[in-house]
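# Geometric and topological summary
Chain by chain, the residues run as shown.
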Amino acid sequence: MISIFTSANLAYLPQCLILRESVERYEPDAHFVLVLVDRMPTDPVMIERLGLFEEIILVEDLLGDECEDWMSRYDVVEACTSVKGRAVRRLLARGDNVVYLDPDTALFGPLDAFTAQLETSSVVLTPHQLEPAIIDSPWIADEISSLAYGIYNFGMFGVRACPEGIAFADWWDERLSTLCIDDIPRGLFVDQRWGDFVPNFFPAASICRHPGINVASWNLHQRLMTLDVNGDYRVNGEPLVMYHFTKGTGIGLQASRAKMDDNPLAADLWRWYLERLEWFGRGHRAPIWAFTPVIGPRVASVPDGGKLSTLTPGDRGVFAAFAPDEQLSALPIGSVSPDRSTIVGKGGVLFLHQGSNHYHDQYVNRRSDALGIAWAELTKERHRRIGGSAQMLSLFVPNKATCLPDLYPLQLDSCPTPAWRDLRSALGSRDDVLFCDSLLDASLPGNRWERNPWGHVDSHWSEFGCLETVNEVLRRMGYDEFKLDALKVKPLQSFGDLSSKFGTAAAGNYVTRRLVNPTVQPTCVYLSESDIEMENSTGRRVTWRNPEAPVSLTLCVVGNSFAGMGNSTMDLVYWFARVFKEVTMLHSGSVPIDVVETYGADVVLFQSVERFFMQVPSDVYTAAQVEAVYNRHGGTPT
């Protein structure tokens, strides 16, 4: 008898239903089990759908008295993964051989090749890669990713009911009970890095190299799909058995798309899967995960009695000055806002997700379509055009996910984005182009403990990150930087542009810092809208004047809301107005051809953000035309 099981919470019920349907079709004699890492719902639609499963094991029944303490250690992904060892032990105790399948997998044929191998092995593993990539191909990134995330993919594995199989299950359960953590810098990625030990610790374990088993985005470039005379899918000439639709509505699909030009039949599978997902998702309203952790630090015990910290809401290891409000802290990692613009990362840090700039797509599209090169050529042209009459600087700000990849909730196949990489490669040696190196350095895990380079609940940097970037500009121009004194934390409600996507705008405390040398307060002499708190928009302009400033030059900043309008310490303009005698900020993606003449600029600073690289702007507009964009949207210059 074979037991096939999967482990998931209620949010993944549609995926589990697709898997159940495929198992019923291709392995009708197997016993299918859902390990539900959640509590039974009260919604009648969900109850009805759960009734389709042959057997459901509730995590509270699986773990017993350990459940509450166990669940408190993990986020939802870690928790669903951590119980796999305990479930294998229970099913082996019945005398069954056990096959685990991730909920986002589906069968397209019988498991005969896999189960036959299991009859002579204690454990059967499926590797991410079956053959080496060409070193100078884009797919070398898949090998590098395997070094970080594990050699074997534990979205599928098998265990035989034999003494060594039982020994594996005991060891597996012991490791996953406390150390099933997503912490790449520490060498851990839930169950998969532990799985690297299996062939060494358990000699009767074997590796399944069937090309039609566990086909996924990470190996699609090496597994050519075709159709046989009967219309059945084959992979490298062998029958397609199992496809892994990992992260089917996000990075998995995007990563697969990058390989579909050379493997077009994969698009048919994805189309089928997304249609089934939509079908089973109708009326599906999953509640917040029943074991959502409360605010507070978590630690995982390690054998020597030490502590292995993990990143959670409230842990000083993540932006100690911020504590997300109760509503945000209750959101499981990976939760996406209703408009799909915002996603919850580790430690309660919010990231952009999709939106008009296709934020996440930029990390999984390895072919940048020469966007970075086009931006580099535009930048060179701007510097040639303006450099004769003013000092020209370009400042490029990395995305939040590029600075904090370990906190981002999805795998980043290419980080930074290809466009950023290509732009930096083309312009990185220029003295008049800045890439926020100090901001990237401050974002490293070892540095961010005492420095907070990014906002917890919005897409912008913190006060520290903004000031650090201003100082980088000042250093590059040869001027003295701002010096900071002791840190102070001032209770203040911060309104994050991302937090409001989840129904709240309040987000904890705000760090404030005192300058060593007080600066002269500048005066706002022009604002193209009387309400200075109004959200920035294309074409908006503001001018600050400061006759007593230490630098007797005029500065024109052309940029977006990262530059700001100068009323917040998280605006570049706020600090520039305290250095230069006059600062004009124009909210625009293009640099007007007459920018120096119109604004009397001695220095022109263009500022953009990595996520805006999807579109290369045109500089054919005049300053009046750019400002007219704002005026058409209802602004009333004063």
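Throughout this description, residue numbers start from 1 for each chain and increase along the sequence as written. Side-chain atom pairs in this predicted model are given and counted only at pLDDT of 80 or more, local residue features only at pLDDT of at least 70, and totals for whole chains, interfaces and linings cover all residues. With hydrogens and water set aside, each side-chain value is computed from the structure's full complement of heavy atoms.

## Topic: the overall build of the chain
Formally: Helix numbers and strand numbers start at the N terminus; a helix is a DSSP run of H or I with at least 4 residues, a strand a run of E with at least 2. Residue contacts follow a heavy-atom distance rule, with two residues in contact if any of their heavy atoms lie within 4.5 Å.
Helices and strands together make up the secondary structure of the chain, namely 23 helices and 28 strands. Taking contacts inside the chain between residues at least 6 apart in sequence as the whole, the part at least 24 apart equals 74%.

## A short note on the sheet that holds strand E14 (residues 238-239)
Going by this rule: Any two strands are treated as partners once DSSP identifies two or more bridges connecting them. The axes are straight lines fitted to the C-alpha atoms, using for helices just the contacting stretch, and the angles between their N-to-C directions are given from 0 to 180°.
Pairing in this open sheet of 3 strands is antiparallel, and the strands run E12-E13-E14 from one edge to the other. If you trace the sheet from one side to the other, it starts and ends with strand E12 (225-227) and E14, each paired once. In the sheet, strand E13 (residues 233-235) pairs with E14 via 2 bridges, with the strands oriented antiparallel. Paired with Val235 across the bridge in E14 is Glu238. Docked against the sheet, helix H13 (residues 265-281) engages E12 and E13, running at close to 85° with respect to E12.

## Observations regarding the pairing of strand E3 (residues 55-58)
Definition in use: We call a crossover right-handed when, viewed with both strands directed away from the observer, the connection leading from the first strand over the helix to the second proceeds clockwise.
The sheet contact formed by strand E2 (residues 31-36) and E3 spans 4 bridges and is parallel. Paired with Leu36 across the two strands is Leu58, which belongs to E3. For the segment spanning E2, helix H2 (residues 44-50) and E3, crossover handedness is right-handed.

## Some thoughts on helix H9 (residues 163-179)
Every α-helix winds through 3.6 residues per turn, so residues three or four apart in the chain are directed the same way. For clarity, the threshold we go by: To estimate the expected span of a helix, count its residues, drop one, and scale the result by 1.5 Å. Under the scheme applied here, a residue whose accessible area is under 20% of the maximum for its type counts as buried, over 50% as exposed, and between as partly exposed, the area being computed with a 1.4 Å probe on protein chains only.
With 17 residues, H9 should reach 24 Å at 1.5 Å per residue; the first-to-last C-alpha distance of 24 Å fits that figure. Burial in H9 covers these residues: Gly165, Phe168, Ala169, Trp171, Trp172, Asp173, Leu176, Ser177 and Leu179.

## Some words on the packing of aromatic side chains
Put simply, the test is: Any two of the Phe, Tyr and Trp rings considered here, Trp counted by its six-membered ring, make a pair once their centres fall within 6.5 Å; the pair's planes then place it as stacked at under 30 degrees, edge-to-face at over 60, or tilted in between. In this scheme, Lys NZ or Arg CZ marks a charge over a ring once it lies within 6 Å of the ring centre and within 35 degrees of the ring normal.
Evaluated as defined, the whole model comprises 43 aromatic pairs. With 6.1 Å between their ring centres and 65° between their planes, Phe576 and Phe580 make a pair best called edge-to-face. Overall, Phe576 belongs to the buried group, its relative accessible area being 1%. The buried category is assigned to Phe580, whose relative accessible area is 1%. Taking the ring centre of Phe606 as reference, the NZ or CZ of Arg382 above it sits at 4.1 Å.

## Description of the side chain of Thr543
With respect to the helices and strands, Thr543 occurs in strand E25 (residues 541-545). Not counting residues up to four positions away in its chain, the partners in contact with Thr543 are Thr523, Cys524, Val525, Tyr526, Glu582, Val583 and Thr584.

## Let's talk about the sheet that holds strand E4 (residues 97-101)
Taken in spatial order, the 7 strands line up as E3-E2-E1-E4-E7-E6-E10 in an open sheet, and their pairing is mixed. Edge strands, defined here as strands with exactly one partner in the open sheet, are E3 and strand E10 (206-207). The strands touched by helix H6 (residues 84-93) are strand E1 (2-8), E2, E3, E4 and strand E7 (152-159); relative to E1, the strand with the most contacts, the crossing angle is about 155°.

## Some thoughts on unusual backbone geometry
Omega for the bond connecting Cys415 with Pro416 falls within 30 degrees of zero, at 5°, which places this linkage in the cis form. At Val190, a residue that is not glycine, the phi angle is positive and equals roughly 40°. Mapped onto the fold, Val190 is located in the loop between strand E9 (188-189) and helix H10 (192-195). Given the relative accessible area of 6%, Val190 is considered buried. Even without being glycine, Asn214 reaches a positive phi, approximately 60°.

## A word on the nonpolar core
Definition in use: Residue types Ala, Val, Leu, Ile, Met, Phe, Trp, Tyr and Cys, when buried and joined through side-chain atoms within 4.5 Å, form a set referred to as a nonpolar core.
Formed by 56 residues in total, the largest nonpolar core has its most connected members in Val397, Phe576 and Phe580. In terms of residue count, helix H20 (residues 463-477) provides more of this core than any other element does, 6 residues in total. With residues near it in sequence (within four places) discarded, Phe576 still touches Val470, Val473, Leu555, Val557, Val583 and Leu605.

## Points about the environment of Gln129
Threshold: Within 3.5 Å is the distance limit for a polar contact, defined as a pair of N or O atoms, with the added protein rule that one can donate a hydrogen and the other accept it, and that residues adjacent in sequence qualify only through two side-chain atoms.
If you trace the backbone, Gln129 turns up in the loop between strand E6 (123-127) and helix H8 (140-149). What makes Gln129 buried here is its relative accessible area of 17%. With 93 residues separating them along the chain, Gln129 and Gln222 place their C-alpha atoms 8.4 Å apart. With near-sequence residues (within four places) excluded, Gln129 lies in contact with Asp142, Glu143, Ser146, Trp218, His221 and Gln222. A polar contact of 2.7 Å, which involves the side chain of Gln129, links it to the backbone oxygen of Trp218.

## Considering the packing of helix H16 (residues 371-386) against helix H18 (residues 418-427)
What counts here: Small angles under 35 degrees read as roughly parallel and large ones over 145 as roughly antiparallel, with 65 to 115 read as roughly perpendicular and the rest as oblique. Note on convention: the crossing is left-handed when the near helix lies turned anticlockwise from the far helix by less than a right angle, right-handed when the turn is clockwise.
The N-to-C vectors of H16 and H18 enclose an angle of 40°; their axes lie 7 Å apart at closest approach. Of the possible angle classes, the one that applies to H16 and H18 is oblique. The hand of the H16/H18 crossing is right-handed. Counted together, Leu371, Gly372, Ile373, Trp375, Ala376, Thr379 and Lys380 of H16 and Ala419, Asp422, Leu423, Ala426 and Leu427 of H18 form the full contact between these two elements.

## Some words on the pattern of salt bridges
Convention followed: We define a salt bridge as a side-chain nitrogen of Lys or Arg found within 4 Å of a carboxyl oxygen belonging to Asp or Glu.
On inspection of all chains with the given rule, the structure shows 27 salt bridges. For Glu174, the salt bridge identified is with Arg175, shortest N-O distance 2.6 Å. Of the residues examined, Arg175 reaches a relative accessible area of 23% and is grouped as partly exposed. When the shortest N-O distance is used, the salt bridge between Arg385 and Glu381 registers 3.5 Å. In this pair, Arg385 and Glu381 both sit in helix H16, 4 residues apart, roughly one turn of the helix. We classify Glu381 as partly exposed; its relative accessible area is 31%. What emerges from the salt-bridge pattern is a single network uniting Glu66, Arg86, Arg89, Asp170 and Asp173.

## Things to note about the confidence of the model for the chain
When pLDDT is low, close inspection of the predicted coordinates is not appropriate. This is how it is decided: pLDDT runs from 0 to 100 and stands for how confident the predictor is about each residue.
When the pLDDT values of the chain are averaged, the result is 84; 84% of them are 70 or greater. In the model, residues 293-322 has pLDDT below 50 throughout and makes 73 contacts with residues more than four positions away in sequence or in other chains. Predicted confidence is poor over residues 633-638, with pLDDT under 50, and the contacts of this stretch with residues over four places away or in other chains come to 13 contacts.

## Things to note about the packing of helix H1 (residues 13-26) against H13
One way to put it is that H1 packs onto H13 with a least axis distance of 8 Å and a crossing angle of 115°. Seen from above, H1 lies across H13 with right-handed handedness. When H1 is examined against H13, the residues Pro14, Gln15, Leu17, Ile18 and Glu21 are found in contact with a partner set consisting of Trp272, Tyr273, Arg276, Leu277, Phe280 and Gly281.

## Some remarks on H13
Short version of the rule: By arc we mean the arc of the directions from the helix axis to the C-beta atoms, nothing more.
Along its 17 residues, H13 runs 24 Å from first to last C-alpha, staying within 8% of the 24 Å computed at 1.5 Å per residue. Within the sequence span of H13, burial applies to Leu265, Ala266, Leu269, Trp270, Tyr273, Leu277 and Phe280. On an axial view of H13, the arc spanned by its buried residues comes to 145°, and they lie on one face. Downstream of H13 by a residue or two, Gly283 has a phi angle that is positive, lying close to 75°.

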